[in-house]
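Now for the letters of each chain:
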Amino acid sequence: MRIKLIYWIGFLWIFLIIFRIEAIINYALLLPAFFGLMFNNINTAMSLVNFQFIDSIFSFIIIILIPFIIVISYKKKNFLNKQIRFSEAVIILLLFVFILTPLIAASNPGFSKDLSVTKLLSPFSKVKIIHLKSTEKYKDSDSKYFLNLRDKIIKPSFDESIIFADSINAGDKFFYYQKNVRKELPPNSIKTVDGREMITDKIFLLGTDEFGRDIFSRLIYGTRISLLVGLASVIVAFLIGVLLGFIAGYTGGIIDVILNRFTELFLSFPSIYLIILILALFGNSLFTVIFVLGISGWMSLFKIVKSEVVSLKHKDFIASAKLLGMKKRLLLFKEILPCIIVPVTVNLIFLFSAVVLAEAALSYLGLGTGTLYPSWGSMINSGQDYITKAWWMIVFPGISLIATLFAVNSYGRKLRFINSSDND
Amino acid sequence: MNLKTPFSFLIIIIFIFFSACDSQNHKTENRVVIGISADVQTFNPLFAFSVDEGVITELLYLSLFDFRWNNEKGELDSYPMLAERWEWAPDSSHLKIFLRKDAFWTDGEQITSADVVFSFDVFSDPVVQSRMYGNFRNLYFDNENHINIKKTFTIISPYELQVNFPPSSIPSLDDLSSPVLPQHYLEKINREELATSESNLNPVSNGAYKLTGWDKNQAITLSADTNSFLFKDGMIAQLVFKIIPDYTSRILQLKKGELDMLELVKVEDVDEIKQVEDLRVTALSGREYDYIGWNNIDPVAYGKGKIIPNELFGNSRIRKALTFAVNRKEILEEYLQNYGQLAVTSVSPIFKSAYNNDIKPYDFNVDKAKDILTSEGWKDNNHDGVLEKDGNDFRFTLYYPAGNPLRDFASTVIRNNLKAVGIEMDVQTMELNTFIDNLVDKKMDAWMAAWYIPIPVDLKNYWYSDLEATPRNFVSYQNKEVDKIIERLETKISGEKRNELIKKFQAIIHEDEPVTFLYWTPDICAYNKKIKNINITPLGAIMHCWEWTFNQ
Amino acid sequence: MRKEFGKTFIKRFLSSLLTLYLLVSFLFIIIRLSPGDPTNKYVSSQLSPDLAKKISASFKLNEPVSDQYVAFLVNVIQGDWGTSYNYHQPVLRVVWQYFSFTFVFALLSFIIQLIFSFYLTIFIVNKRNRLLDKIVSDMSLIVYSIPAFVLGVTLIYIFSVNIDLFPISGLRSLDFEGMSFTSKIFDQIHHIILPLITLSAAGIALFYRYLKDNIDVVLNQTYILHLKASGFRNKIIMTKHILPNAVRPLISVAGIELGILLGGALITEVIFGLPGMGRLTIDSILARDYPLVIGCVFTSGAVMIATNFIADLIKIKIDKRLTVELMN
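All figures in this text were calculated on a predicted structure; none of them were measured in a lab.

Participant: Explain the overall build of chain C here, please?
Facilitator: Secondary structure assignment for chain C yields twelve helices and zero strands. Helices (α) and strands (β) of chain C occur, in sequence order from the N terminus, as α-α-α-α-α-α-α-α-α-α-α-α. Counting every position in chain C, which comprises 328 residues, the buried fraction comes to 37%. Long-range contacts, defined here as pairs at least 24 residues apart, represent 71% of the contacts in chain C between residues at least 6 apart.

As structure tokens, this is what we get:
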């Protein structure tokens, strides 16, 4: 079952536009508002720039640019006409989600309110939201307009101006029910639109967890963590493996022997224990996790690079390049890299899937990157306690994990076959 | 190969299903199965450091006295156990103890005064490093906190002994509450090697129950000792502690009926458990409270040996503002579903006579918090949402040990609450051991943790100004008035005066608010209604098991 | 021939020893490097400072590192791995208790993995059905992609919670002692099935892939066609020529897999509450029980090195046999 790459990207793009049209319009308004602010008061503007702001703007830019990119590439190369399989489609979807996270996620992954109503809801559950007349938060500020707009886009992790309720009873007095407890609100405290109270519905696509947090949003943000850790660790492993491999292959002699032993040492470690040991001893931050996972995977890269370098070392063109006085580093880049790029890539892909799995396992054991950003593994870990009450807490991150690993492994296999058949 | 393969598969499948059907429920009568989370490492009360080890060794080994919780007064009452009766000297300078003559060890030997003296000797021996080392009070000690046996104990006969107290002390039966160990069994072992001795796994005990089975990592079986003086008909014949590391498994087995009793049940499971016909649920709170620790002194200066007030939290008004800003009720309602109660000070409401009911807690009040902060000079001049003073933002990191969902939730609520008043709080979880190290070294500005309070009330170890002598005073709170109260409590005063002083202490603490007291967390216990005569008190659920019987 | 084999044997053996030595040293270094004072937990805060210092000193963590290192190595060789801080028992004894379980469990799983993957491969190869081949191929990749904790939790949910077919955790029932012999066996099997499935699934998928790919490669080689043309029966071609060649690369993978299994199936043990090396190692790491940590990691590492070594030897032997066969 195949589909043209361009159709798939187009489909994802249209899907997103349709469902997030409101947000996209708000983004479109935000940019000029920001520039307007910069004009008036550049200091305030600068202080309001933070990671989330840049992230959102970036997503907006990307989604606007996608159609242009497609049209341009379509004309130049035929690469977008390629037929892709299921695994590649999944990978494209993951990249999509990774880049456009703020746009896709429905709410802040840490947003939690009115637990009695929102916790442990099944997928497609609907709750009512009562909007309160809140005091103007940014009354005194000159960047009022911008800030209000920003809050609509960059979802905060709390909001005092809304209340979740199971059902409403609006008559002379305004009652609302939270899990069979009846509460009352003074009549003037509710925001009105055209004379009627502003009460909207919210649908939790994939349900909520034990803190009433939207599983869908957490899943989306979790993609970032899993992919980020995977990518970063792979890069670390790549740098270490290639560097050491080059040194060992090129210099040879004692250094080669030492590095060989070193590699064997690492290979025979029960790596998962080593990872846990280091994380337990030195703390588990995002950085440590990436570093430790990268260190556990460079060995096979080392072997590949070393064997290639050794075999190439004796070839003529290297000798002539050396005679011409080419520096070692240039040698590495210009001559050796192209030869090793394919087997290394295959290896990196498998390493990537192993790292994503390892990160999930670590999060599952509670040694992940911390509670700030959700990770699929930690979601499964929390879901374990609720397995009888809320199967969705485990099923959705589980499926995402399996799908990701499957797609990556599948793609790696295909690549390997192409590679080996080329060699024959 | 082609013929054999499916055949062998068939055999294996049949085998598997047969095994599934064959294991019926071998339900034995007269047995209570209790679920615990980890195996024990020792059966010797000297080294019973974990809670489960404590519970089991208390069932195995008796003490001189039996302490029961008096719910009306909120204190401990003492009853005879190995001591049949006792006589206080009129000036409390010594206590005569008369031991029962019908108390035996599981190997048949009688319990004598020599055993009692030996126990105190070993428990306080620094070389042994027992659980109770350093915790003895009001006795004669040598310079290493070892009880001076010669001065303290006078053996009058195998069943009569006298305990002598130093003139300046105010002794009570509580000072002699440690379990009695078998001298004849343990004295042959070199004290330095006692911790690793095999005897710890093969105990010679004297309790109503004795150890009859230990299936490592699976179950611990205690059986009623028919020779014990506590034995009576109708007693539960076997107590089985089943080791189930996974919480969900424990709950599932409880609901299925494979467990008869389970402690530490989570709040969210209570509703489902209540629906099971055979189960009863009790929720006691008042032994453990969560709090936000504000480091009263500057950690950097402390590292260099100086004590200066913390920039952010050295001021008691600021701390009060912080308490006003935190919506503790929301956490109590939303997460704990109102199991547990708000904590006002470190003195638990279970101590009914000493609890100061007149103190009004600082209810959630954002405006008041903002007012206090403004009056202390914190203003948001650059409209970035964060308060500043003298060019510094009000920004800090809250640390807490990972793995506690209540604290995960609380930290989010607290972060949001503080953001609403203009304080920026980052949250960082740490692994437990690292957290403890940082706590002891006073490296953190703010943290969230819990205290499990001792019975009876202990103020000195937590709130005394002498920081060197009070390692548990993690926030480094220092107040001379509180010191005076603590010192006064160590003198001979009446019970009424004690309660008065403790109430005064609470008032001062409330005024100073050295930490933000959050809530007393509930200890929820579920048990099968077939168990009769079970009395769940703040001391614990699994106590006095020899009084439990079955409903007919 | 023999002499060559002997030389390789000795070379490999020495190299394994060297790796073992480096492993131990590395453990020593990394634990010394870690922040925090491990003796904190084991020295009561009530002790006077002098006595506290004395007891701290008994852990010998204050002596110069080189002295500690030498003492450490000597102890390890002599078999004195110290006393566990947590268990208050000799490390060797604690490790042995948990290792015996892991050994049996891992071996069982390994055998199951080999048998199942082997029969599955033979079955698929004989069937020669492209659709079936593709389906099984994709399924195996999916199974391989399922993390152990997802699989384990799902199995528990389906078979223990919903359909009450298997117990949720533990090794045996409470009434184990009172059971008849056959009941005892059934009880053990009953408890170990779900963990075994969880542990073996990925391995079966992995072995199947390897075996199948290798067989496919060999099947397409010319000398097989020669043999077929010469009239040899399929079965004989399969057993005498294809299989040995296909199995060869599998040996190193199998060796690594066995090594990992013997190191302790961490996640499976945690989920099902089994008393194995995996849980012991993790618990000791988290509890900073350094003697035990070293004992555990060293055991897992040594076992891994040993299985690799044996796998290498087997590979060499088979290589030699094949070359002899082909020459005939």
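Participant: Any chance you could explain the overall build of chain B here in plain terms?
Facilitator: Counting its regular elements, chain B contains 16 helices and 21 strands. Rg of the C-alpha trace for chain B: 27 Å, near the compact-globule value of 24 Å for 552 residues, within the 12% margin. In terms of its C-alpha atoms, chain B occupies a principal-axis envelope of roughly 85 × 75 × 45 Å. By the burial criterion, 41% of the 552 residues in chain B qualify as buried. In chain B, once contacts between residues fewer than 6 apart in sequence are set aside, the share between residues at least 24 apart is 66%.

Participant: Can you walk me through the interface of chain B and chain A in this structure?
Facilitator: Interface extent is often summarised as the accessible area lost during association of the parts. With 20 residues of chain B at the contact, the number on the chain A side is 20 residues. Taken together, the elements giving at least two residues each to the side of chain B that touches chain A come down to helix H6 (247–256), helix H12 (405–421) and strand E17 (424–430) of chain B. Considering each element in turn, the side of chain B that touches chain A owes the most residues, six residues, to H12 of chain B. Its residues assigned to classes, the side of chain B that touches chain A comprises seven nonpolar, eight polar and five charged.

Participant: Explanation requested: the confidence of the model for chain B in the structure shown.
Facilitator: The predicted structure's coordinates, where accompanied by low pLDDT, should not be read in detail. Mean pLDDT over chain B works out to 88, with 95% of the residues at or above the 70 mark. The model gives residues 22–26 of chain B a pLDDT under 50, and that stretch makes eight contacts with residues more than four places away or in other chains.

Participant: Can you walk me through unusual backbone geometry in this structure?
Facilitator: Residues apart from glycine generally show negative phi values, whereas peptide bonds are mostly found in trans. Residue and element names in this part refer to chain B. The linkage connecting Ile455 with the following residue, Pro456, adopts the cis geometry, with an omega of 0 degrees. Assignment of secondary structure puts Pro456 in the loop between strand E18 (446–452) and helix H14 (460–463). Phi is positive for Gln129, close to 55 degrees, though the residue is something other than glycine. Exposure remark for Gln129: the 21 C-beta atoms within 10 Å place this residue in the buried category. The phi torsion at Lys442 lies on the positive side, around 55 degrees, for a residue other than glycine. Mapped onto the secondary structure, Lys442 falls in the loop between helix H13 (432–440) and E18.

Participant: I tried to follow the pairing of strand E8 (residues 209–215) of chain B on my own but got confused; where do I start?
Facilitator: Taken residue by residue, a regular strand's side chains alternate between the two faces of the sheet. Residue and element names in this part refer to chain B. Where E8 lies against strand E9 (residues 219–224), six bridges are found, and the strand directions are antiparallel. Each bridged residue has a counterpart across the sheet, and for Gly213 the counterpart in E9 is Thr221. Counting the residues that bridge the hairpin from E8 to E9 gives three residues, and of these Asn217 lies at a positive phi of roughly 60 degrees.

Participant: Can you help me understand the sheet that holds strand E6 (residues 153–157) of chain B in this one?
Facilitator: Each strand in a sheet pairs with its neighbour through backbone hydrogen bonds, running either in the same direction (parallel) or in the opposite one (antiparallel). Residues and elements named next belong to chain B. Ordered by their spatial adjacency, four strands build an open sheet running E4-E5-E7-E6, and the pairing between neighbours is antiparallel. Strands at the two margins of the open sheet, each flanked by one partner only, are strand E4 (83–88) and E6. Across this sheet, the average inter-strand angle for adjacent strands is 20 degrees, counted without regard to direction. Bridging between strand E5 (residues 94–99) and strand E7 (residues 160–164) involves five bridges; their strand directions are antiparallel. Paired with His94 across the two strands is Asn164, which belongs to E7.

Participant: Is there a simple way to explain the domain arrangement of chain B in this structure?
Facilitator: Residues and elements named next belong to chain B. In terms of domains, chain B is made up of domain 1 (63–184) and domain 2 (286–522). Taking only C-alpha atoms, the centre of domain 1 and the centre of domain 2 are 37 Å apart. Taken together, the seven residues of domain 1 in the interface contact nine residues of domain 2. Residue classes in the side of domain 1 that touches domain 2 are distributed as two nonpolar, one polar and four charged.

Participant: What exactly am I supposed to notice about the nonpolar core here?
Facilitator: In this structure, Ile276, Leu277, Val355 and Ala361 of chain A together with Phe149 of chain C are the most contacted members of the largest nonpolar core, which totals 150 residues. When near neighbours in sequence (up to four residues on either side) are disregarded, Leu277 of chain A contacts Ile30, Ile285, Val293 and Val297 of chain C. Within the second largest apolar cluster, 136 residues are counted, among which are Phe211 of chain A together with Val116, Val117 and Val515 of chain B.

Participant: Explain the sheet that holds strand E5 (residues 167–170) of chain A to me, please; I cannot follow it from the model alone.
Facilitator: All names here are of chain A. Spatial ordering of the open sheet is given by E5-E6-E7, a layout of three strands whose pairing is antiparallel. Looking along the sheet, the strands with just one partner apiece sit at the ends: E5 and strand E7 (181–185). Taking the axes of each pair of neighbouring strands and ignoring which way they run, one obtains an average angle of 25 degrees across the sheet. Alignment of E5 against strand E6 (residues 174–178), held across four bridges, turns out to be antiparallel.

Participant: Is there a simple way to explain the packing of helix H11 (residues 271–282) of chain A against helix H12 (residues 286–295) of chain A in this structure?
Facilitator: Axis angle and axis distance: for two packed helices, these are the angle between their axes and the distance between the axes, and together they describe the pair. Residues and elements named next belong to chain A. Where H11 meets H12, the axes come as close as 10 Å, and the angle between the chain directions of the two elements is 155 degrees. Our classification of the angle between H11 and H12 gives roughly antiparallel. Between H11 and H12 lies a crossing whose hand is right-handed. Facing Ile275, Ile278, Leu279 and Phe282 of H11, the residues of H12 in contact are Thr288, Val289, Val292 and Leu293. Residues belonging to the contact of H11 with H12 are distributed by class as follows: seven nonpolar, one polar and no charged.

Participant: Can you walk me through H11 of chain A in this structure?
Facilitator: Because the α-helix completes a turn every 3.6 residues, residues three or four places apart line up on one side. Residues and elements named next belong to chain A. Over its twelve residues, H11 runs 16 Å from end to end, which matches the ideal 16 Å to within 8%, given 1.5 Å per residue. The element H11 is extensively covered by neighbouring structure, given that eleven of its twelve residues are classed as buried. Ser271, Ile272, Tyr273, Leu274, Ile275, Ile276, Leu277, Ile278, Leu279, Ala280 and Leu281 are the residues of H11 that are buried.

Participant: What's the story with the environment of Asn381 of chain A in this structure? I'm lost.
Facilitator: Note on placement: Asn381 of chain A falls in helix H16 (residues 376–384). If near-sequence neighbours (up to four positions away) are discounted, Asn381 of chain A is found in contact with Ser363, Tyr364 and Gly366 of chain A.

Participant: What should I look at first to understand the pairing of E9 of chain B in this one?
Facilitator: All names here are of chain B. With five of its six residues buried, E9 lies for the most part within the structure. Both E9 and strand E10 (residues 238–243) contribute to a ladder of five bridges, which runs antiparallel. Paired with Leu222 across the two strands is Leu239, which belongs to E10.

Participant: I would appreciate a short explanation of helix H5 (residues 86–99) of chain A in the present structure.
Facilitator: Compared with the 20 Å implied by 1.5 Å per residue over 14 residues, the 20 Å span of H5 of chain A between its first and last C-alpha is a close match. Residues of H5 of chain A that are buried include every one of Ser87, Phe96 and Val97 of chain A, and no others.

Participant: I keep staring at the environment of Ala246 of chain C and nothing clicks. Help me out?
Facilitator: Residue and element names in this part refer to chain C. Looking at the secondary structure, you find Ala246 in helix H9 (residues 234–262). The sequence separation of Ala246 and Val74 amounts to 172 residues, and the corresponding C-alpha distance is 44 Å. Every residue in contact with Ala246, bar those within four places of it in the chain, is listed here: Leu211, Asn214, Ile215 and Val218.

Participant: Sorry if this is basic, but what is going on with the environment of Gly257 of chain B here?
Facilitator: All names here are of chain B. Its place among the elements puts Gly257 in the loop between H6 and strand E11 (261–265). A count of 14 C-beta atoms within 10 Å places Gly257 in the partly exposed class. As for Gly257 and Val33, which are separated by 224 residues in sequence, their C-alpha atoms are 9.5 Å apart.

Rules and cut-offs
Residues numbered from 1 in each chain as written. Chains lettered and ligands numbered in written order. Predicted model: local features only at pLDDT ≥ 70, side-chain atom pairs only at ≥ 80, totals over all residues. Helix = DSSP H or I, 4+ residues; strand = E, 2+ residues; numbered from the N terminus. Buried ≥ 20, exposed ≤ 12 C-beta atoms within 10 Å, placed from the backbone. Contact = placed C-beta atoms within 7 Å. Rg over C-alpha atoms; globule rule 2.2 N^0.38 Å. Nonpolar A, V, L, I, M, F, W, Y, C, P; charged D, E, K, R; others polar. pLDDT = per-residue confidence, 0-100. Pairing = 2+ DSSP bridges. Axes fitted to C-alpha atoms, helices over the stretch in contact; angles between N-to-C directions. Domains from an automatic or database assignment. Core = buried A, V, L, I, M, F, W, Y, C linked by C-beta atoms within 7 Å. Parallel < 35°, antiparallel > 145°, perpendicular 65-115°, else oblique. Left-handed = near helix turned anticlockwise from the far one by under 90°. Expected span 1.5 Å × (residues − 1).

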